[in-house]
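Coordinates in review
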Amino acid sequence: MIKATDIVKSFGSLEVLKGVSLDVKSRAVTTIVGPSGAGKSTLLQIIGTLSAPDSGKVYYDGDDVFAMKDRRLSRFRNESIGFVFQFHRLLPEFTLEENVALPALIAGVGRRDAFERARALITHLGLASRAGHRPSELSGGECQRAAVARALVNKPAVVFADEPSGSLDSKNRGELHRLFFDLRDELGATFVIVTHDENLAADSDYIVSLVDGRINKVTENRKSTNSI
């Protein structure tokens, strides 16, 4: 579904990615692991179209995304890609339901349909009783589940997550990890996740090990469909 070829990225004199090539499979959970400073988040931002590489290509179903004009790329990102970050980034002045519906409204979905999508996802993720609450009234785990719902509201081809459970306690971390695999199985969702969590990595479908700006190895976990 996604193919990155020979990705190079530097910040000043520091070369962070040194010719990385990677294929991302659909309907799978792929984790990117490695030591701090290996380039994991930089790679995620590039294949997620948030940052352009210095050289190299990123293709979605054969389309070179960085050859798109800015407006088209922005629309593609909104409609085809979801993001979950370490901190939920929910807008504090909006309710949970409004936060989840917002990307659909930005995409031009009618208000009624956008909120129907949001309510369906909120219910599916076990948050129906919290729909009218603002982020300050929710637990950390609830906020991250809401962030996952927000990432899914436009039915994206892929969801990228950067240390999504890094700020959670062990109970909420485990629940969030199970959610990723449940959504893979129930909705056919595709996730690419940067993580330091060894348990999440061990259960994922594909494990990409990044060391010093290069892919050290890619491991396929054939038992992952029975995990969690």
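Summarised in this report is the structure supplied together with it. (Residues numbered from 1 in each chain as written. Predicted model: local features only at pLDDT ≥ 70, side-chain atom pairs only at ≥ 80, totals over all residues. Heavy atoms only, no water.)

Regarding the pattern of salt bridges
- Enumeration over the complete set of coordinates arrives at ten salt bridges.
- Note that K57 and D64 form a salt bridge whose closest N and O atoms lie 3.3 Å from each other.
- The partner of R184 in a salt bridge is D205, and the shortest N-O contact between them spans 3.0 Å. One end of the pair, R184, is in helix α6 (residues 170–187); the other, D205, is in the loop between α7 (198–203) and β9 (206–211), with 21 residues separating them in the sequence. Just as R184 is buried, D205 falls in that class too.
- A network of salt bridges, in which partner residues are shared, links R184, D185 and D205. (Salt bridge = Lys/Arg side-chain N within 4 Å of Asp/Glu carboxyl O. Helix = DSSP H or I, 4+ residues; strand = E, 2+ residues; numbered from the N terminus. Buried < 20%, exposed > 50% of the residue type's maximum accessible area, 1.4 Å probe, protein only.)

Considering the packing of aromatic side chains
- What the rule picks out here adds up to four aromatic pairs.
- For the ring pair Y60 and F76, a centre distance of 5.1 Å and an interplane angle of 85 degrees mean the geometry is edge-to-face. On the criterion of sequence distance, the pair formed by Y60 in strand β4 (residues 55–60) and F76 in helix α2 (residues 70–80) is long-range, its members being 16 residues apart. The two residues Y60 and F76 agree in class, both being buried.
- Relative to F160, the ring of F83 lies with its centre 6.1 Å away and its plane at 25 degrees, an arrangement referred to as stacked. With F83 in strand β6 (residues 81–84) and F160 in strand β7 (residues 158–162), this residue pair connects regions lying 77 residues apart in the sequence.
- Relative accessible area serves as the criterion here: at 17%, F83 is assigned to the buried category.
- Looking at F160, the relative accessible area reads 1%, which means it is buried.
- Put simply, the rings of F83, F85 and F160 pair up and form one aromatic cluster.
- Lying across the ring of F85, R89 places its NZ or CZ 4.1 Å from the centre. (Phe/Tyr/Trp six-rings, centres within 6.5 Å; stacked < 30°, edge-to-face > 60°. Lys NZ or Arg CZ within 6 Å of the ring centre and 35° of its normal.)

As for the packing of helix α3 (residues 96–106) against helix α4 (residues 111–124)
- At a minimum axis distance of 8 Å, the contact between α3 and α4 shows a crossing angle of 125 degrees. For the element pair α3 / α4, the angle class is oblique. Crossing hand, α3 versus α4: right-handed. Note on element contacts: α4 touches α3 through R111, A114, F115, R117, A118, R119 and I122, opposite L96, E97, E98, V100, A101, A104 and L105.
- Residue composition of the contact of α3 with α4, by class: nine nonpolar, no polar and five charged. (Axes fitted to C-alpha atoms, helices over the stretch in contact; angles between N-to-C directions. Parallel < 35°, antiparallel > 145°, perpendicular 65-115°, else oblique. Left-handed = near helix turned anticlockwise from the far one by under 90°. Contact = heavy atoms within 4.5 Å. Nonpolar A, V, L, I, M, F, W, Y, C, P; charged D, E, K, R; others polar.)

A short note on the environment of D54
- Relative to the assigned elements, D54 resides in the loop between α1 (40–47) and β4.
- Note: C-alpha distance between D54 and L22 (32 residues apart in sequence) is 16 Å.
- A polar atom in the side chain of D54 sits 2.6 Å from the backbone nitrogen of S10. (Polar contact = N/O pair within 3.5 Å; in protein donor to acceptor, adjacent residues only side chain to side chain.)

A short note on the sheet that holds strand β10 (residues 214–220)
- In spatial order, the strands read β6-β7-β8-β3-β9-β10; together these six strands make up an open sheet with mixed pairing. Two strands bound the open sheet, and with one partner strand each, they are β6 and β10. Pairs of neighbouring strands in the sheet enclose a mean axial angle of 15 degrees, with direction left out of account.
- Where β7 meets strand β8 (residues 191–194), four bridges bridge the pair, whose relative direction is parallel. The partner of V159 across the bridge, within β8, is F191. (Pairing = 2+ DSSP bridges.)

Such coordinate-based values are descriptive only and should not be taken to indicate function.
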